[in-house]
Amino acid sequence: MHDAARLQAAIDLLGEIESVSRPADGTASAFFRSRRFIGSKDRRAIADRVWGVLRRWARLTWWCHWAAQGAGREGMSVTPRLRVIADLLITDHLKVDPLDRLFSGQTHAPDRLSAAEAAVADLLQGRSATHPDMPPAVRFEVPDWIYPRFEALFGADTDSELAAMLPEAPVDLRVNTLKAQDRDAALAALAADGVEASATDLSPLGLRLPAGRVNLPTTQAFKDGLVEVQDEGSQLIALLTDARPGMAVVDFCAGAGGKTLGLAAGMGNKGRLIACDVSEGRLDRSAARLKRAGAHNVTRRVLSSESDKWVKRHAKGFDRVLVDAPCTGTGTWRRNPDARWRLSPEQLDDLTRRQASILDSARRLVKPGGRLVYATCSLLPEENADQVEAFLERWEDAEGWRVLPVCEVWEAAVGTNCPMNNYATALRLTPARHGTDGFFTAVLERGEG
Ligand SMILES: C[S@@+](CC[C@H](N)C(=O)[O-])C[C@H]1O[C@@H](n2cnc3c(N)ncnc32)[C@H](O)[C@@H]1O
């Protein structure tokens, strides 16, 4: 494919992403599946352009409106084509002449620029990514309605915290102690595959891949189940659950099994681990991963809802229950830049209601003296500290629930330096402070009564 054809494919894919409400990665997979003639190099170039535009969405949109206004074309709509034009001029510093040559209207190339597009392009040529008049919500690619929440949370650090959420995230691996002797053994196996990973600071099982593309599934270390892709922060949630050999453990929102794998490794395959979810499809997807990892103590259970009869039948039956709750995913925006623009206040309200209901139901499963670990990959207080506080209001007196100082749990279960202060009641990880995705984890203990 020549450059112009790649650009047209990127414009087409952006158009599809914009017209459906599903996540961009699913739309992109379907797009490429139905165009098998697009080779891997072309696919990568198209995806790079599309993800670049998604990452710079608000800024490019702002610039398009600014230039349309300057060109006396106020009503002009910002199309996928116009965003790509703006991206080429602003991010790639392309000049108008080469832009005209790409938008040639020849076979497979984008149509020639309209008069309005040409006027906008003239004004965008030579601009940098930001403009002094851009509001902070635009500069940091945050929906207007969420920005004040981040300001309240991060205060003076708002800019640096949000800036750290803009670039692409690194790829982390968790060393699978069911297969690899230890982290050094996994490092050596990857090195033998030509992959120079480095050890992470917080997770004792974490490895970080070098920037650039590593074709992990083709490595022997991956095929042998020595490593699994998992953000360092996610690894820490499984570790903080402190699931030990011989325990009875539930992974209540197990999904495709990311944390289940970590829990099974912590248990050394000894004891009972039930992976629940309301999505049969997601649970099914965990099967192959569990097999590759050599996790044998896991039973999968599809729930009709969080208050499925199975929950009532197994009340007070488990030492540990992990609730890795469905959430807005604001902590994973580095990986899913389109998620920023698919979120609405209504969805946040709906999710916080579901989180409370899931917590209330999952707590039934915990034995007296056992633990309920609540985690999200969100940074919003409504989904995190507010949920824990409301849970304690509902159950502290009735059932003796309390929240454990997270560094106490960390010392016993993780062993590296705890990144929070000794009194912190929850682990809060952010890309700026910890180099991980954004995560929240609180460990609640049920009274002995
Ligand atoms: C954050 S994801 C879990 C990710 C998974 N733990 C991992 O580490 O790969 C949240 C999961 O909660 C599930 N879920 C949503 N509503 C639920 C409910 N009422 N009860 C149990 N699981 C639910 C979703 O299907 C989704 O798989």
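Criteria and thresholds
- Residues numbered from 1 in each chain as written.
- Predicted model: local features only at pLDDT ≥ 70, side-chain atom pairs only at ≥ 80, totals over all residues.
- Near = placed C-beta within 6 Å.
- Helix = DSSP H or I, 4+ residues; strand = E, 2+ residues; numbered from the N terminus.
- Nonpolar A, V, L, I, M, F, W, Y, C, P; charged D, E, K, R; others polar.
- Expected span 1.5 Å × (residues − 1).
- Buried ≥ 20, exposed ≤ 12 C-beta atoms within 10 Å, placed from the backbone.
- Domains from an automatic or database assignment.
- Contact = placed C-beta atoms within 7 Å.
- Pairing = 2+ DSSP bridges.
- Axes fitted to C-alpha atoms, helices over the stretch in contact; angles between N-to-C directions.
- Core = buried A, V, L, I, M, F, W, Y, C linked by C-beta atoms within 7 Å.

What about the site of the ligand?
Taken together, 20 residues lie around the ligand, and Cys253, Gly255, Gly258, Glu306 and Asp324 are the ones closest in. Those elements giving two or more residues to the shell around the ligand turn out to be α14 (258–266) and β6 (272–277). When the residues that make up the shell around the ligand are grouped by side-chain class, the tally is 9 nonpolar, 6 polar and 5 charged.

Section: helix α4 (residues 57–70)
When the terminal C-alpha atoms of α4 are compared, their 20 Å separation across 14 residues agrees well with the 20 Å that a helix rising 1.5 Å per residue should span. Three or more residues of α4 are buried, namely Trp57, Ala58, Arg59, Leu60, Trp63, Cys64, Ala67 and Ala68. Once α4 finishes, Gly72 follows within two positions and takes phi at roughly 70°, a positive value.

Notes on the domain arrangement of the protein chain
Domain boundaries assigned for the protein chain yield domain 1 (3–130), domain 2 (172–228) and domain 3 (232–445). Domain 1 and domain 3 are separated by 39 Å when their C-alpha centres are compared. Facing the 8 residues of domain 1 at the interface are 6 residues of domain 3. At 3 residues, the largest contribution of residues to the side of domain 1 that touches domain 3 is made by helix α3 (residues 40–55). Grouping the constituent residues of the side of domain 1 that touches domain 3 by class yields 6 nonpolar, 1 polar and 1 charged.

Comments concerning the sheet that holds strand β3 (residues 206–208)
Read from one edge to the other, the open sheet built from 4 strands follows the order β2-β3-β1-β4, with strand pairing classed as antiparallel. Only two strands of the sheet have a single neighbouring strand rather than two, namely β2 (198–199) and β4 (227–229). Sheet topology places strand β1 (residues 172–175) next to β4; 3 bridges connect them, and they run antiparallel. Residue Val175 lies in a different strand from β4, and its bridge partner there is Val227. Seen against the sheet, helix α11 (residues 183–192) touches β1, β2, β3 and β4 and runs at an angle of roughly 30° to β3.

Some thoughts on the nonpolar core
Nonpolar side chains in soluble globular proteins tend to end up buried together. Residues Leu240, Phe252, Val321, Val323, Tyr374 and Ala375 are the most contacted members of the largest nonpolar core, which totals 59 residues. The contact partners of Leu240, leaving out residues within four places of it in the chain, are Val373, Val409, Trp410, Ala413, Val414, Leu427, Thr441 and Val443.

Details of the pairing of strand β8 (residues 318–324)
When you tally the buried positions in β8, you get 7 out of 7 residues, the bulk of the element. Pairing analysis gives 3 bridges linking strand β5 (residues 248–251) to β8, with the strands arranged parallel. By the bridge assignment for β8, Asp251 is matched with Leu322.

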